[in-house]
There are 4 protein chains.
Amino acid sequence: MFILLNLKGYACDAAALGEMAHEVAEATDVRIAVAPQAAQLGAVARTGVETWAQHIAAHGHGSHTGSQLGEAAATAGATGTLLNHSERRLSLADIDAGIQQAREADLETVVCANTPAQIGSVARLAPDAVAVEPPALIGSGTPVSKADPDIVRDAVDAAGAIDSSVPVLCGAGISTGEDVSLAAELGAEGVLLASGVAAAADPRAALSALVDGA
Amino acid sequence: MFILLNLKGYACDAAALGEMAHEVAEATDVRIAVAPQAAQLGAVARTGVETWAQHIAAHGHGSHTGSQLGEAAATAGATGTLLNHSERRLSLADIDAGIQQAREADLETVVCANTPAQIGSVARLAPDAVAVEPPALIGSGTPVSKADPDIVRDAVDAAGAIDSSVPVLCGAGISTGEDVSLAAELGAEGVLLASGVAAAADPRAALSALVDGA
Amino acid sequence: MFILLNLKGYACDAAALGEMAHEVAEATDVRIAVAPQAAQLGAVARTGVETWAQHIAAHGHGSHTGSQLGEAAATAGATGTLLNHSERRLSLADIDAGIQQAREADLETVVCANTPAQIGSVARLAPDAVAVEPPALIGSGTPVSKADPDIVRDAVDAAGAIDSSVPVLCGAGISTGEDVSLAAELGAEGVLLASGVAAAADPRAALSALVDGA
Amino acid sequence: MFILLNLKGYACDAAALGEMAHEVAEATDVRIAVAPQAAQLGAVARTGVETWAQHIAAHGHGSHTGSQLGEAAATAGATGTLLNHSERRLSLADIDAGIQQAREADLETVVCANTPAQIGSVARLAPDAVAVEPPALIGSGTPVSKADPDIVRDAVDAAGAIDSSVPVLCGAGISTGEDVSLAAELGAEGVLLASGVAAAADPRAALSALVDGA
């Protein structure tokens, strides 16, 4: 299982969480990555943890003020990027172009979508992986793998119908090792986490518990 | 004069440009700041040069994936931010909220606008400074201070009618020391630069020539 | 007082509401306009009631699919348009351009804003009128004129400081004649209504009661 | 062949073009629809021609100012709608929701996309039809069917791989009967037209010539 920890816009010490996640990953065989805001990519990458961007621009170099380009994210140490998170929805054309920009910058991609049908849509654009996150469950504390296991199963089927090799992650409400192992049973090859770890009283304990289920 | 060098999404070595700009600033009395993409804020700030963000989010901490918050920019070393650049236009409500977010993060603000009337509008929201940049002249090689000096004069008047203490910068097409000194004669207290330095064959020579006009 | 009834995206019979509003307006001296969705502009205008668009594009004729241009709204019978409603926020540049497009199409403008400071900003762009609507009170049932009378007073002052001739409307939570007369006492020259009439059990009674306060 | 005439934001008499298109359609067996701006839907529908919206909102009834809902478009006489035109790009989630809103309002859908891969993506969301329009050729006068016939063939294949019953239209640069018949040979079941007819010196002659190729 791939555990991708999205730090969103939380008030947190991104570098400290990166260091902790790196130690947890080192102590186990589980792949863990941390996705901070763009300005913290360098600080997180310097901890040694696998570092992801939360978003990159759909365009390449040029006169674009206030964009975060894939290449600049990679220069700062990112090796992957989320795209089309439900908190940062993109046009279809920009998802397509964003995947291509990521590829040119050697960034792995996880493209998010809300439903199994939309997972089929984004799988058609050849991302490295897809992630299904029902918006209603994000931050709810109710894991998608329990609240609606069919969403995960159907997402795996929808992606597989397009390309059987594309891994499916799931997210929304994941906070325990049991949630992670249930996701794996449903066919997911990874989970997207956010507040379950970043906002936990003891983030290391929370992440370690999750890893036990991976 | 305040010289604010916007690196946009250019293919360039942000840290090297930051170091160069720092040396030029140290060798003169002119205030120079460099605004890289968010992921390079830390690398630029470590050169010692005054470092600005190109944009920050209009919201504070929370579940916002793919945003760049003011506080995170400040943590990375930024001390100011552009807002509402014509390549990153914001709703009026977000300009207002962005200025407040910047203030909470101790970031200075330069709010851009296209015309003297719009400069009056943004001046009303109490930014630290405003910048007039006619979109048609951006990247044109024709400096606004020559192409249409009335835009600069009228912008200074428009800002002054709202708040006589708010400095006005101007941008678009600035590339020589003469452009800078002309801008100063028209009442501007700074200039926004971009390709004139970042895309110059010899950026140090280009910046030094500009500083001579400041 | 000017009573501007915004039908938003409500499930309602726009033409029937237009006819009713026309009859109420005819029976009194109060100016009443109805703002339906673009596709209903013609049907509402044919009732004889003053008809407004809820929004127009910031650009003129050209290759723009899915936009509603000012001229086409005017052809359908509109004589005015809202701009920058908090449910349709525009960039500052588009507010400016939208006002100009409206002027070219002979449409009167009411430009909305959330706060007194933002009212000052939009007043600077020379609209025909401005409207302050605190988003938190929209649809709340609590009229802005009671919940926070200072917002109305301060908006009147903010607009007046820019241009003493620009009328200020207020909106959010207005549903009774008392709300309207209180708004007038605070300096407003009109009110924006929506659910208070459109979603009322008896819209004619609701509008008539409002008009009594005008 | 289905000929769908998108009037975009052109300066034109939508009702007169609707009447003309209706007469041409009546005189032949070819299906022709006209897509005006929302405010002209009623005027066009009253000519008897098949009438389409250029866009509808992704949401249903509610507090949405400045949106055009599917139901209101249908009430005005529309029987179909374009979605995701390259001049009105939508998020993937909104394409999905827009298709559902159209279905609830009994509007047929043609969902546009720029490339064969994106056609595969949108076909996965079960629209009534898809349309491939390479942005670079829109308004170019060079028909996609000649400039890059593989785009049309690949789009037909991409849609067919998802659902063999979903018709594919093509657009961009179509202006002669030969362009239309070539599109049909490549597997397209319709064409999107715009300036080729709407901006023609003699729109009736232009449309008649196109119909001869259908």
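So, a few notes on the structure that sits alongside this text.

About the thresholds
Residues numbered from 1 in each chain as written. Chains lettered and ligands numbered in written order. Predicted model: local features only at pLDDT ≥ 70, side-chain atom pairs only at ≥ 80, totals over all residues. Heavy atoms only, no water. Helix = DSSP H or I, 4+ residues; strand = E, 2+ residues; numbered from the N terminus. Buried < 20%, exposed > 50% of the residue type's maximum accessible area, 1.4 Å probe, protein only. Lys, Arg positive; Asp, Glu negative; His and termini not counted. Salt bridge = Lys/Arg side-chain N within 4 Å of Asp/Glu carboxyl O. Contact = heavy atoms within 4.5 Å. Phe/Tyr/Trp six-rings, centres within 6.5 Å; stacked < 30°, edge-to-face > 60°. Lys NZ or Arg CZ within 6 Å of the ring centre and 35° of its normal. Core = buried A, V, L, I, M, F, W, Y, C linked by side-chain atoms within 4.5 Å. Buried area = accessible area lost by both parts, 1.4 Å probe. Nonpolar A, V, L, I, M, F, W, Y, C, P; charged D, E, K, R; others polar. Polar contact = N/O pair within 3.5 Å; in protein donor to acceptor, adjacent residues only side chain to side chain. Expected span 1.5 Å × (residues − 1).

### Things to note about the side chain of Asp96(D)
Next up, step 1: Relative to the helices and strands, Asp96(D) resides in helix 4 (residues 92-104).
Next up, step 2: Among buried charged residues, Asp96(D) stands out as having no salt bridge; its nearest opposite-charge side chain is Arg103(D), 7.0 Å away.
Next up, step 3: Filtering out sequence-adjacent residues up to four positions away, Asp96(D) remains in contact with Thr115(A), Gln118(A) and Leu125(D).

### What to know about the packing of aromatic side chains
Next up, step 1: Applying the stated criterion across every chain yields a total of four aromatic pairs over all chains.
Next up, step 2: Aromatic side chains Phe2(B) and Trp52(B) sit 5.6 Å apart centroid to centroid with 50° between the ring planes, which places their arrangement in the tilted category. Remark: Trp52(B) occurs in strand 3 (residues 50-53) and Phe2(B) occurs in strand 1 (residues 2-6); sequence separation between them is 50 residues. Summarising the burial analysis for this pair, Phe2(B) and Trp52(B) share the class buried.
Next up, step 3: In this structure, Arg31(A) is placed above the aromatic ring of Phe2(A), and the distance from its NZ or CZ to the ring centre is 3.8 Å.

### Regarding the nonpolar core
Next up, step 1: Of all hydrophobic cores here, the largest spans 259 residues; its most connected members are Leu207(A), Leu207(B), Leu207(C) and Leu207(D).
Next up, step 2: For Leu207(C), the contacting residues outside a window of four places in its chain are Ile3(C), Met20(C), Ala21(C), Val24(C), Ile32(C), Leu193(C) and Val197(C).

### Overview of the interface of chain A and chain D
Next up, step 1: In this complex, chain A contributes 20 residues to the contact, which on the side of chain D involves 20 residues.
Next up, step 2: It is Leu92(A), Gln118(A) and Arg124(A) that lose the most area in chain A upon contact with chain D, and together they represent 38% of the buried surface on that side.
Next up, step 3: The tally of links between chain A and chain D comes to zero salt bridges.
Next up, step 4: In terms of residues, the side of chain A that touches chain D owes the most to one element, helix 5 (residues 116-123) of chain A, which gives six residues.
Next up, step 5: Taken together, the residues that form the side of chain A that touches chain D break down as ten nonpolar, seven polar and three charged.

### Brief notes about the interface of chain B and chain A
Next up, step 1: On the chain A side, the residues contacting the 29 residues of chain B number 30 residues.
Next up, step 2: Where chain B abuts chain A, roughly 2,300 Å² becomes buried across the two surfaces, and 44% of that area is made up of carbon and sulfur atoms.
Next up, step 3: Interface area lost by chain B to chain A is led by Gln37(B), Ala39(B) and Thr65(B), which between them contribute 26%.
Next up, step 4: Linking chain B to chain A there are 26 residue pairs in polar contact (both at pLDDT 80 or more).
Next up, step 5: The residue makeup of the side of chain B that touches chain A, split by class, is nine nonpolar, 16 polar and four charged.

### Some words on helix 4 (residues 92-104) of chain A
Next up, step 1: Taking 1.5 Å per residue, 13 residues should reach 18 Å; helix 4 of chain A reaches 19 Å between its end C-alpha atoms and fits that length.
Next up, step 2: Listed as buried for helix 4 of chain A are Leu92(A), Ala93(A), Ile95(A), Asp96(A), Gly98(A), Ile99(A), Gln101(A) and Ala102(A).
Next up, step 3: Looking at the buried side of helix 4 of chain A, the elements it contacts are strand 4 (80-83), strand 5 (108-113) and helix 5 of chain A together with helix 4 and helix 5 (116-123) of chain D.
Next up, step 4: Among the residues trailing helix 4 of chain A, Asp106(A) stands out with phi positive, at a value near 60°.

Coordinates in, geometry out; function isn't part of it.
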